[in-house]
Amino acid sequence: MTPLSQIPLHQQSLSLDHQTLTQVLVQTPNLLIIQDLDGVCMGLVKDPLDRQISLDYVRAASLLDGHFYVLTNGEHIGTRGVNGIIERAVGDPNLVTKQGLYLPGLAGGGVQWQNRQGQVSHPGVTDAELEFLAIVPREIRARLERFCQTHQDIFAPEDIEKCIDASVLDNQASPTANLNSFYDRLHNHHQVYADLQQDIHQLMIELLEKAKAQGLENSFFVHYAPNLGRDTQGKEILRPAKLGDSGTTDFQFMIRGAIKEAGVLALLNRYYFQQTGSYPLGADFNVRQCPQAIADLLELVKANFDPQQMPLIVGVGDTVNSQSQELDGQLEIRRGGSDRNFLLLIQEIGQAFYTGNIIIYVDSSQGEVKNRQPLKLGTNEDGILEVVAGPGDPLDTEDPLTLNVAFPQGHLQYIDFFQKVAQGRCSS
């Protein structure tokens, strides 16, 4: 049997060999890191306004200029954007711009581009779509107020406004209802919370119908986080609340085409331009021009990107889940999580181009948001610590996504590793 230390990381599952991973990333010149944000480099919190980011992490990201992009369903700008968090950490917005400390990459699922100086654009998005999105936060607030009014026996008056303020995320490209604060208040009233979840679910359906009536039928979709994957029509499946499990807490009204796996192609297109001076998919390419299926996205990469220039891509995420449920007497596996598909595409690109792409999983279960299953650790026969259970399939079935390296201690452990990689590449 080949010793584990001699097996390439891209062939391992939930490895804890961070030292080898660091060496690989430091020594690989042609490297592209594509990383999620919440739960990866910041702890998960009930109210997004309470998020904090490590200044050391931000500075490390700037050292990886040209080899690091973020890919998030959150946003760069606005009251709950990551830019404001960075500005508060630094203490001077002008200094953030001058030193190029904003995190480059795609937000809003892939429709909000930003460079290191904080210059933001929305490739492929129309003014009519942005105008419709602007009304969504008001609709969410009105629905939450109506719900609270019908349950005044449960909510203290001073709690209602606080919960609503924390739950209405007025993002420009992805307005969101975030129910974490409500779940915190209602965890002893399971049915009330479950009714709220369904009420917001219904609101999202009504908003899609309203957009259709305004001639925007193909403009939007709803991203549920966490979710149970997609149905046969490609729509994401709500994860219903259960006792002790909040299920879906984030209802993001998003621009159609804004899916993270499409964002991988947009970022790879920009990376090739930086390295070669040429855009394989064209200078004006954006995620709204992408097919939806992973197989079709992969074919687009294979047809347009020079294999000789293909980098080692490292995908980093924290939202991957898999649940089994019995349906008509048969066991069915529901695979979901907002990071699953973009990580899976990176994995398949690595297999198609023989680059050994690496998938990193950060355990975000230690945060305030209690809808993540923690990694289970144990020791093997040699007394070495290892992961014995992860977030993939709960049974011995073939989960198509392999999480190569795990960070069981969460974002702080990942940040420490990230800094070592950035400093190591500078030194070498």
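It should be noted that the structure appears before, not after, this text.
Quantities reported herein were computed from a predicted structural model and do not represent experimental measurements. (Residues numbered from 1 in each chain as written. Predicted model: local features only at pLDDT ≥ 70, side-chain atom pairs only at ≥ 80, totals over all residues. Heavy atoms only, no water.)

Undergrad: So what about the overall build of the protein chain? Which residues, and what values?
TA: Counting secondary structure elements, the protein chain contains 13 helices and 18 strands. Expected size for 428 residues packed as a compact globule is a radius of gyration near 22 Å; at 21 Å, the protein chain falls within 12% of this value. Seen through its principal axes, the protein chain has C-alpha atoms that stretch 60 × 50 × 45 Å. A burial count over the protein chain gives 55% of its 428 residues as buried. Taking the contacts inside the protein chain whose residues are at least 6 apart along the sequence as the reference set, 72% of them involve residues at least 24 apart. (Helix = DSSP H or I, 4+ residues; strand = E, 2+ residues; numbered from the N terminus. Rg over C-alpha atoms; globule rule 2.2 N^0.38 Å. Buried < 20%, exposed > 50% of the residue type's maximum accessible area, 1.4 Å probe, protein only. Contact = heavy atoms within 4.5 Å.)

Undergrad: Go over the side chain of Arg-80 with me, naming the residues and quoting the values.
TA: You can see Arg-80 is positioned in the loop between strand 2 (68-71) and helix 3 (82-90). By relative accessible area, which is 10% here, Arg-80 ends up buried. Polar side-chain contacts of Arg-80 include one of 2.3 Å to the backbone oxygen of Asp-165. (Polar contact = N/O pair within 3.5 Å; in protein donor to acceptor, adjacent residues only side chain to side chain.)

Undergrad: Before we move on, could you go through the pairing of strand 2 and cite the residues and values that matter?
TA: Going residue by residue along strand 2, you find Phe-68 and Val-70 tucked away on one face and Tyr-69 and Leu-71 tucked away on the opposite face as well. With 3 bridges joining them, strand 1 (residues 31-35) and strand 2 adopt parallel strand pairing. Residue pairing across strands places Ile-33 opposite Phe-68, the latter belonging to strand 2. Pairing geometry for strand 2 and strand 3 (residues 105-107), over 2 bridges, is parallel. For Val-70, the partnering residue across the bridge sits in strand 3 and is Gly-105. (Pairing = 2+ DSSP bridges.)

Undergrad: Talk me through the environment of Asn-30; I want residue IDs and the actual numbers.
TA: Tracing the chain through its elements places Asn-30 in the loop between helix 1 (18-27) and strand 1. Linking Asn-30 and Leu-312, residues 282 residues apart in sequence, is a C-alpha distance of 6.3 Å. Aside from chain neighbours lying at most four places away, what touches Asn-30 is Tyr-271, Gln-309, Met-310, Pro-311 and Leu-312. Side-chain polar atoms of Asn-30 contact the backbone oxygen of Gln-309, separated by 3.1 Å. Here Met-310 takes part through its backbone oxygen, which lies 3.4 Å from a polar atom of the side chain of Asn-30.

Undergrad: Describe in detail the nonpolar core, supporting the description with residues and values.
TA: Formed by 84 residues in total, the largest nonpolar core has its most connected members in Ile-34, Leu-144, Phe-182, Met-204, Phe-253, Met-310 and Ile-349. Aside from chain neighbours lying at most four places away, what touches Ile-349 is Val-264, Leu-298, Val-301, Met-310, Ile-313, Thr-355 and Asn-357. In terms of nonpolar packing, the next biggest core, distinct from the first, is built from 39 residues, Ile-33, Leu-37, Ile-358 and Ile-360 among them. (Core = buried A, V, L, I, M, F, W, Y, C linked by side-chain atoms within 4.5 Å.)

Undergrad: Before we move on, could you go through the pattern of salt bridges and cite the residues and values that matter?
TA: One pass over the full model with this rule turns up 22 salt bridges. As a salt-bridge pair, Arg-116 and Asp-65 come within 3.2 Å of each other at their nearest N and O atoms. Of this pair, Arg-116 sits in the loop between strand 4 (112-114) and strand 5 (120-121) while Asp-65 sits in the loop between helix 2 (55-63) and strand 2, and the two are 51 residues apart along the sequence. Residue class for Asp-65 comes out partly exposed when judged on its relative accessible area of 46%. (Salt bridge = Lys/Arg side-chain N within 4 Å of Asp/Glu carboxyl O.)

Undergrad: Tell me what's going on with the packing of aromatic side chains, and back it up with residues and numbers.
TA: Overall, the coordinates contain 15 aromatic pairs when judged by the stated rule. Centroid distance Phe-68 to Phe-418: 5.3 Å. Interplanar angle 65°. Geometry classified as edge-to-face. Here Phe-68, found in strand 2, pairs with Phe-418, found in helix 13 (residues 411-427); they are 350 residues apart in sequence, far enough to count as distant. A relative accessible area of 1% places Phe-68 in the buried class. Ring centres of Phe-407 and Phe-417 lie 5.1 Å apart, and the angle between their planes is 45°; this geometry places the pair in the tilted category. (Phe/Tyr/Trp six-rings, centres within 6.5 Å; stacked < 30°, edge-to-face > 60°.)

Undergrad: Give me the sheet that holds strand 8 (residues 220-225): which residues, what numbers.
TA: Sheet architecture is open: 4 strands sit in the order 6-7-11-8, paired in antiparallel fashion. Strand pairing shows two members of the sheet lacking a second neighbour, strand 6 (168-169) and strand 8, which therefore form its edges. Bridge count for strand 7 (residues 176-178) against strand 11 (residues 250-255) is 3 bridges, and the pairing is antiparallel. Bridge pairing in strand 11 places Asn-178 opposite Asp-250.

Undergrad: With reference to specific residues and values, describe the pairing of strand 11.
TA: Taken across its 6 residues, strand 11 has 6 buried, putting it largely inside the fold. Summarising the sheet, strand 8 and strand 11 pair through 6 bridges and their orientation is antiparallel. Of the residues in strand 11, the one forming a bridge with Tyr-224 is Phe-251.

Undergrad: Mind laying out the side chain of Asp-363, listing which residues take part and the relevant values?
TA: By secondary structure assignment, the location of Asp-363 is in the loop between strand 15 (358-362) and strand 16 (376-379). The buried charged residue Asp-363 lacks any salt bridge partner; its closest oppositely charged side chain belongs to Arg-372, at an N-O distance of 7.9 Å. Engagement of the side chain of Asp-363 in a polar contact is seen with the side chain of Ser-365, the distance being 2.7 Å. Look past the residues within four positions of Asp-363 in its chain and what remains in contact with it is Gln-373, Pro-374, Leu-375, Phe-407, Pro-408 and Gly-410. (Lys, Arg positive; Asp, Glu negative; His and termini not counted.)

Undergrad: Go over the sheet that holds strand 3, please, and point to the residues and values.
TA: Pairing in this open sheet of 8 strands is mixed, and the strands run 5-4-3-2-1-12-15-18 from one edge to the other. Strand pairing shows two members of the sheet lacking a second neighbour, strand 5 and strand 18 (405-407), which therefore form its edges. Contacts from helix 12 (residues 340-353) reach strand 1, strand 2, strand 12 (312-317) and strand 15, with the element oriented near 160° to strand 12. (Axes fitted to C-alpha atoms, helices over the stretch in contact; angles between N-to-C directions.)

Undergrad: I'd like a description of the packing of helix 1 against helix 13, backed by residues and values.
TA: Interhelical geometry of helix 1 versus helix 13 gives an angle of 35° and a closest axis separation of 9 Å. Once helix 1 is placed against helix 13, the crossing between them reads as right-handed. Of the residues in helix 13, those touching helix 1 at His-18, Leu-21, Thr-22, Leu-25 and Val-26 are Gln-413, Phe-417, Lys-420, Val-421, Gly-424 and Arg-425. (Left-handed = near helix turned anticlockwise from the far one by under 90°.)

Undergrad: A description of helix 3 should follow, citing residues and the corresponding values.
TA: Regarding helix 3, the residues found buried are Val-82, Asn-83, Gly-84, Ile-85, Ile-86 and Val-90. Looking at the buried residues of helix 3, the elements they touch are helix 2, helix 4 (93-99) and strand 4. Among the residues trailing helix 3, Gly-91 stands out with phi positive, at a value near 95°.

Interpretation note: all reported values are geometric properties and have no functional meaning in isolation.
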